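The chain contents come next:
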Amino acid sequence: MVHTFSADGTFYLFDNASGALHICDALTAEVVKKRNGETYDLRGVKEEDVKEIEEEIAELEKQGVLFAEEEKEIPAKSEEIKALCLHICHDCNLRCEYCFAGQGNYKGRSEYMSFEVAKAAVDFLIANSGKRKILETDFFGGEPLMNLSVVKQTVDYAKAQGKAHGKKFLFTLTTNGVLLDEETARYLNEEMENVVLSIDGRKEVHDGVRKTVNGKGSYDVIIENITRFVKMRGDRHYYVRGTFTKKNLDFGNDVLYLADKGLTEISLEPVVTDENSPLYISEEDVPAIAEEYRRLAREYKRRKAAGEKLFRFFHFQIDLDGGPCLRKCVSACGAGNEYFSVTPWGDIFPCHQFADLPEYKMGTVFEGKLDGKIRSLFRDNNLYTRKACENCFAKYHCSGGCPANNIRKGGDINTPYKVTCGMMKARMECALDLYAAEKSEENR
Ligand code: SF4
Ligand code: SF4
């Protein structure tokens, strides 16, 4: 199908099967809508003008760049595991109001992962990685820096085992920044391929939801630690990862605020929380959020035109040039099949979002085998098994939504969470618009 949309007065046609993006005029967009069976408006337009446009469309169709045939690319059913998320610490030094992890302990017991469990997890990953040479390990929490000694032991062990087995480990650590002093920053810069830093943006926004154990705002200590870390980081990968809630639907200002602080790699995600929470984002908020994405995209373009310092907003990054494999992402993150999370006591779950749901326990790192039924639920359900995604223009970039959100909010793995769908589509239009602007600049 072909998606029509406009951004700042420019009309676009996006053909998701071929990945082709065309700039067109308003009339052509209406003709395409008619062909799509959508509501259109061709009142007062001469028949011969419509015919001429239809002929141009037919020509592009012949070239395979408009109304292209959908070719289903069913993902291979690999049994190789590529990554583990180690819950190195089920405890936290913050008490964020929206915490997905029960403020550190996943609504269970507070516990720190021992080196014994971490070692078994590394062994499990190597033993189940087949021919894969690159293996990924994420240190996650709660707050993993509260158990830094085990992080260090695990890194040393994984590197040594990797060498012995012909594998290379890439490490990532996600931290709220409270304990990110200079010495720790040096260590992370040496060992971590990527570091994810949690901060929500403006002081009043951040402190409104992210309090310390004593109920005080955590912004001051975090911004100092994170900005120092990013300066020390140089050009190595990192990104700041924040959350926005009902209380800051003007979250574009938080993105810009972080960018102006020199934190230029940014991801800001909508909160997914209980409907009774004052932070809850509902379907009714989606139009305002969509407009906020558009405002942010406009500001990005303005900064670019003015030669000001830019930022990279994760959701505005899109690759239409990377070929069909890159373009058509059918099974998203790989949770539950190639990627798993491990609790401090060694239980395996599809990802951290399931760690408080005992029915999703898939095994332990000590037993070394996984529940086949749960694994096939995650492996065999993908974009193509999600009816609601069939005609969605964003499908090859969204992959049918986050499995955890689908299950928790949609009711099952194949039912997308409508609130995030609306946001995904709005972000995608912004990303396409920015992509087109970038390309036309390159070709100037
Ligand atoms: S820092 Fe993360 S784990 Fe800790 S309370 Fe906040 S959201 Fe939860
Ligand atoms: S989950 Fe929603 S946005 Fe994503 S492909 Fe499906 S319908 Fe589209």
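Keep in mind it's a predicted model, so treat the numbers as computed, not measured.

Rules and cut-offs
Residues numbered from 1 in each chain as written. Chains lettered and ligands numbered in written order. Predicted model: local features only at pLDDT ≥ 70, side-chain atom pairs only at ≥ 80, totals over all residues. Heavy atoms only, no water. Helix = DSSP H or I, 4+ residues; strand = E, 2+ residues; numbered from the N terminus. Rg over C-alpha atoms; globule rule 2.2 N^0.38 Å. Buried < 20%, exposed > 50% of the residue type's maximum accessible area, 1.4 Å probe, protein only. Contact = heavy atoms within 4.5 Å. Areas by Shrake-Rupley, 256 points an atom, 1.4 Å probe, with all protein chains shown as cover. Lys, Arg positive; Asp, Glu negative; His and termini not counted. Charge placed at Lys NZ, Arg CZ, Asp CG, Glu CD. Near = heavy atom within 4 Å. Domains from an automatic or database assignment. Salt bridge = Lys/Arg side-chain N within 4 Å of Asp/Glu carboxyl O. Polar contact = N/O pair within 3.5 Å; in protein donor to acceptor, adjacent residues only side chain to side chain. Phe/Tyr/Trp six-rings, centres within 6.5 Å; stacked < 30°, edge-to-face > 60°. Axes fitted to C-alpha atoms, helices over the stretch in contact; angles between N-to-C directions. Parallel < 35°, antiparallel > 145°, perpendicular 65-115°, else oblique. Left-handed = near helix turned anticlockwise from the far one by under 90°. Nonpolar A, V, L, I, M, F, W, Y, C, P; charged D, E, K, R; others polar. Pairing = 2+ DSSP bridges.

Chemist: Explain the overall build of the chain to me, please; I cannot follow it from the model alone.
Modeler: When helices and strands are tallied, the chain shows 14 helices and 15 strands. In summary, the chain has a C-alpha radius of gyration of 23 Å against a globular reference of 22 Å for 444 residues, a match within 12%. Its C-alpha atoms put the chain at 75 × 45 × 45 Å along the principal axes. Residue burial in the chain is summarised as follows: out of 444 residues, 52% are buried. Residue pairs in contact within the chain that sit at least 24 positions apart in sequence constitute 69% of those at least 6 positions apart. Total accessible area computed for the chain in this model is approximately 20600 Å², and 49% of it derives from carbon and sulfur atoms. Positive and negative side-chain charges of the chain, numbering 62 and 72 respectively, have mean locations separated by a distance of 4 Å.

Chemist: Just checking my understanding: could you explain helix α5 (residues 182-191) for this structure?
Modeler: The periodicity of an α-helix, 3.6 residues per turn, causes residues three or four places apart in sequence to face the same way. Within the sequence span of α5, burial applies to Thr 184, Ala 185, Tyr 187, Leu 188, Asn 189 and Glu 191. Buried residues along α5 sit against α4 (148-165), β8 (168-175), β9 (194-198) and α7 (219-233).

Chemist: What is the right way to look at the site of ligand 2 in this model?
Modeler: Looking at ligand 2, the residues that line it are Ala 388, Cys 389, Cys 392, Lys 395, Cys 398, Gly 400, Gly 401, Pro 416, Cys 421 and Met 424. At the level of secondary structure, the elements contributing two or more residues to the shell around ligand 2 comprise α12 (395-398) and α14 (418-442).

Chemist: Just to check I follow, could you spell out the domain arrangement of the chain for this structure?
Modeler: A common way to state how big an interface is: give the accessible area lost once the parts meet. In terms of domains, the chain is made up of domain 1 (2-69) and domain 2 (83-327). Placing a centre on the C-alpha atoms of domain 1 and another on those of domain 2 gives a separation of 40 Å. The interface is formed by seven residues belonging to domain 1 together with four residues belonging to domain 2. Where domain 1 touches domain 2, the interface holds two salt bridges. Lys 301 is paired through a salt bridge with Asp 8; the nearest N and O atoms lie 3.4 Å apart. Linking domain 1 with domain 2 are two residue pairs in polar contact (both at pLDDT 80 or more).

Chemist: How should the packing of aromatic side chains be read in this particular structure?
Modeler: Given two aromatic rings, one states the distance between the centres and the angle between the planes to describe the pair. Summed over the entire model, instances satisfying the criterion amount to 16 aromatic pairs. When the centroid spacing of 6.2 Å and the interplanar angle of 75° are considered together, the rings of Phe 100 and Tyr 106 count as edge-to-face. You can call Phe 100 partly exposed: its relative accessible area is 44%. Assessed through its relative accessible area of 5%, Tyr 106 is described here as buried. Taking 5.9 Å as the distance between ring centres and 25° as the angle between the ring planes, the aromatic pair formed by Phe 139 and Phe 171 counts as stacked. Here Phe 139, found in strand β7 (residues 134-140), pairs with Phe 171, found in strand β8; they are 32 residues apart in sequence, far enough to count as distant. Residue classification places Phe 139 among the buried residues on the basis of a relative accessible area of 0%. Assessed through its relative accessible area of 3%, Phe 171 is described here as buried.

Chemist: Help me understand the packing of helix α9 (residues 286-305) against α14 in this model?
Modeler: The description of two helices packed together rests on the angle between their axes and the distance between the axes. Direction vectors running N to C along α9 and α14 enclose 20°, while the axes themselves pass 9 Å from each other. The angle between α9 and α14 places the two elements in the roughly parallel class. When you trace α9 past α14, the crossing you get is right-handed. From α9, Val 286, Ile 289, Ala 290, Tyr 293, Arg 294, Ala 297, Tyr 300, Lys 301 and Lys 304 reach across to α14, where they touch Val 419, Gly 422, Met 423, Ala 426, Arg 427, Cys 430, Asp 433, Leu 434, Ala 437, Glu 438 and Glu 441. When the residues that make up the contact of α9 with α14 are grouped by side-chain class, the tally is twelve nonpolar, one polar and seven charged.

Chemist: When you look at the site of ligand 1 in this model, what are you seeing that I'm missing?
Modeler: Within the structure, ligand 1 sits among Cys 92, Leu 94, Cys 96, Cys 99, Gln 103, Gly 142, Asn 176 and Arg 210. Among the residues making up the shell around ligand 1, the classes are represented as four nonpolar, three polar and one charged.

Chemist: Is there a simple way to think about the sheet that holds strand β14 (residues 347-349) in this case?
Modeler: Hydrogen bonds along the backbone pair up the strands of a sheet, which may run parallel or antiparallel. Strand order across the open sheet formed by ten strands is β12-β11-β10-β9-β8-β7-β4-β13-β14-β15, with mixed pairing between neighbours. Either end of the sheet is taken by a strand with one partner, and the two such strands are β12 (312-313) and β15 (363-364). Bridge count between β7 and β8: six bridges; the pairing is parallel. In the sheet register, Thr 137 faces β8, and the bridge partner there is Phe 171.

Chemist: I tried to follow unusual backbone geometry on my own but got confused; where do I start?
Modeler: Most peptide bonds adopt trans geometry, and most residues besides glycine take a negative phi value. For the bond from Gly 141 to Gly 142, the omega torsion is 10°, close enough to zero to count as cis. With respect to the secondary-structure elements, Gly 142 resides in the loop between β7 and α4. At Phe 67, a residue that is not glycine, the phi angle is positive and equals roughly 50°. Inspection of the secondary structure puts Phe 67 in the loop between α2 (47-62) and β4 (83-87). With a phi close to 55°, Lys 107 is a non-glycine residue in the positive phi region.

Chemist: Sorry, what's going on with the pattern of salt bridges here?
Modeler: Pairing between side chains of opposite charge can happen when the charged atoms of each approach one another. Scanning the entire structure with this criterion turns up 38 salt bridges. A salt bridge links Glu 30 to Lys 33; the shortest N-O distance between them is 3.0 Å. Linking Glu 30 with Lys 33, this pair stays in helix α1 (residues 26-36), spanning three residues, or about one helical turn. Relative accessible area serves as the criterion here: at 16%, Glu 30 is assigned to the buried category. Relative accessible area serves as the criterion here: at 22%, Lys 33 is assigned to the partly exposed category. With a shortest N-O distance of 3.7 Å, Lys 304 and Glu 441 are connected by a salt bridge.

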